[in-house]
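# Residue-level structural notes
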Amino acid sequence: MSLPRYAEYKDSGVEWLGGVPAHWEVSQSRRMFKVRSEPAHADDQMLTASQKYGVLPQAEFVLREGRRVVEVIQGIESLKHVEPDDFIISMRSFQGGIEWCRLRGSTSFHFVMLTPVKWVWPAFFAHLLKSAPYIQALRRTTDLIRDGQELRFSNFAQVPLPVVPVDEQKEIAAFLDRETAKIDALVAEQEKLLTLLAEKRQATISRAVTKGLDPDVPMKDSGVEWLGEVPAHWEVGNLKRFAEVIDCKHHTVEFLDDGLPIVSIRELRDNRIDLSNAKLTSPIEWEFLREGRIPQQGDLIFCRNASVGAVGYVDEEQLPFCMGQDVCLIRPQTKSRFMHFQVTCRAVTNQIEALLVGATIRRANVEEIRNLVVTWLPTLEQEAIADFLTAETARLDALTAEATRAIALLKERRTALVSAAVTGKID
């Protein structure tokens, strides 16, 4: 969609604004906002949000009686009063822009409240203060934001702001509210589609590896309550009956800029092995880690710590590599991808989650992995199921990638639209 520009522009003299409409002015931000340093009132309601970094997203900025923003706060003397149409900056972190407050109440002393003085229509500045060019300009005022420390009013005061006629601010805000709502609705639709595709993918895998592909095959009770019936000719048993499970060597190696690749937790992404940024070690250390556990085509690399249950199938083109720490090698009796699909299905992942209930550290030991209950079936049938799931998951993954690209483009358009509107690049 092509949007018109203003008839005449001038140089704003401000890098982040660039050229602005000829009738706009520029002012120091301290002339447009001042700090509200008012202690909390006795009858203030607490304002809180769920984000752990202390940023108050507009959508989550709600009243919740009896809750404190920071649990260690004791008493009203530690809180600050906030009014509707104040803007809030966090002194502890900076996550996505300065937030517009819609409510009256009190909040943590970690926040700085900005109250408009003049030339400010809050709905317009709600967009401007969260726009990409403004955030970039604010970040350039200090290294502390990048270091996750603090953002001060002095940083805010360093970034000049546009002075726009209030009626025009209202029109721009209404336009952006309307257009961003449309984009947000489209993003929500695509995100819903991603959820449905993920559910469809998991359901397809789970059904194929526990029920097979033939809907008319005779069934039997598996003897396992959560598994239910399985094809009558299938076996059900512990993983160690059908595969060798080999632990990694518990040895820390030196990482080098140049060397041979190691696969550990960080290389298991989306149930795939990703060697693009694998850590490297020396040939001597590499060979030591491979002793008695050389990965082969058809093996699985299984994460048993932190991201427990993440698993990657070893393709021939990925070889050679060695296993690092916190993973183990599963070597099925067949080399089809059937076992890879099975250990990522709900029937197995639910078992893994059950093992971790109450654990202070997410970790599964090798013996627990060996005792996971799985199905086993003739090799030709395994290959047929693996081929079916490879094709079906590829189709679903393509749709997922398409929806993900659509979301990225929509968000990119939203960012560009807001940035253009609040800096006067469109009329």
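Further up the page is the structure itself.
Quick caveat: nothing in here was measured; it's all calculated off a predicted structure.

Bringing the sheet that holds strand β22 (residues 311-313) into the picture now. In a beta sheet, neighbouring strands are held together by backbone hydrogen bonds and run either parallel or antiparallel to one another. Read from one edge to the other, the open sheet built from four strands follows the order β16-β24-β21-β22, with strand pairing classed as antiparallel. The open sheet terminates on both sides in strands that have one partner only, identified here as β16 (243-247) and β22. Neighbour to neighbour, the strand axes of the sheet diverge by 20° on average, direction disregarded. With five bridges connecting them, β16 and strand β24 (residues 327-332) associate as antiparallel partners. The partner of I246 across the bridge, within β24, is L329.

Let us now look at helix α7 (residues 283-290). Owing to its 3.6 residues per turn, the α-helix aligns residues three or four sequence positions apart on the same side. Among the residues of α7, those classed as buried are W286, L289 and R290. The buried residues of α7 all sit within an arc of 100° when viewed along its axis, so they share a single face. Check the buried side of α7 and you find it contacts β17 (260-263), β20 (280-281) and β23 (322-323). Backbone geometry just after α7 places G292 at a positive phi near 75°.

Let us look at the environment of V263. By the secondary structure assignment, V263 is in strand β17. Taking C-alpha positions, V263 is 8.3 Å from V327, a pair spaced 64 residues apart along the chain.

Across soluble globular proteins, you tend to see nonpolar side chains buried next to one another. Ranked by internal contacts, the top residues of the largest apolar core, which has 46 residues, are F125, Y134 and L161. Ranked by residue count, the leading element in this core is helix α11 (residues 379-422), at seven residues. Contacts of F125, omitting those with residues within four sequence positions, involve M32, F33, F87, W119, V120, L161, P162 and Q169. Counting 36 residues, the second-largest nonpolar core is a separate cluster that includes Y313, I352, W376 and L377.

A separate point is the environment of R363. The residue R363 is located in the loop between α9 (346-356) and α10 (366-370) in this model. Using a relative accessible area of 43% as the deciding quantity, one classes R363 as partly exposed. The sequence separation of R363 and V308 amounts to 55 residues, and the corresponding C-alpha distance is 6.4 Å. When sequence neighbours within four positions are dropped, the list of residues in contact with R363 reads R304, N305, V308, L356 and E368.

Turning our attention to the pattern of salt bridges. Across all of its chains, the model carries 19 salt bridges by this definition. R201 is the salt-bridge partner of D397, the closest N and O atoms lying 2.9 Å from each other. Here D397, found in helix α11, pairs with R201, found in helix α5 (residues 166-211); they are 196 residues apart in sequence, far enough to count as distant. Using a relative accessible area of 24% as the deciding quantity, one classes D397 as partly exposed. Exposure remark for R201: the relative accessible area of 26% places this residue in the partly exposed category. Note that D247 and R304 form a salt bridge whose closest N and O atoms lie 3.1 Å from each other. On the criterion of sequence distance, the pair formed by D247 in strand β16 and R304 in the loop between β21 (300-303) and β22 is long-range, its members being 57 residues apart. Members of the salt-bridge network, linked through shared partners, are R36, E38 and D86.

What counts, and at which threshold
- Residues numbered from 1 in each chain as written.
- Predicted model: local features only at pLDDT ≥ 70, side-chain atom pairs only at ≥ 80, totals over all residues.
- Heavy atoms only, no water.
- Pairing = 2+ DSSP bridges.
- Helix = DSSP H or I, 4+ residues; strand = E, 2+ residues; numbered from the N terminus.
- Axes fitted to C-alpha atoms, helices over the stretch in contact; angles between N-to-C directions.
- Buried < 20%, exposed > 50% of the residue type's maximum accessible area, 1.4 Å probe, protein only.
- Arc of directions from axis to C-beta.
- Contact = heavy atoms within 4.5 Å.
- Core = buried A, V, L, I, M, F, W, Y, C linked by side-chain atoms within 4.5 Å.
- Salt bridge = Lys/Arg side-chain N within 4 Å of Asp/Glu carboxyl O.

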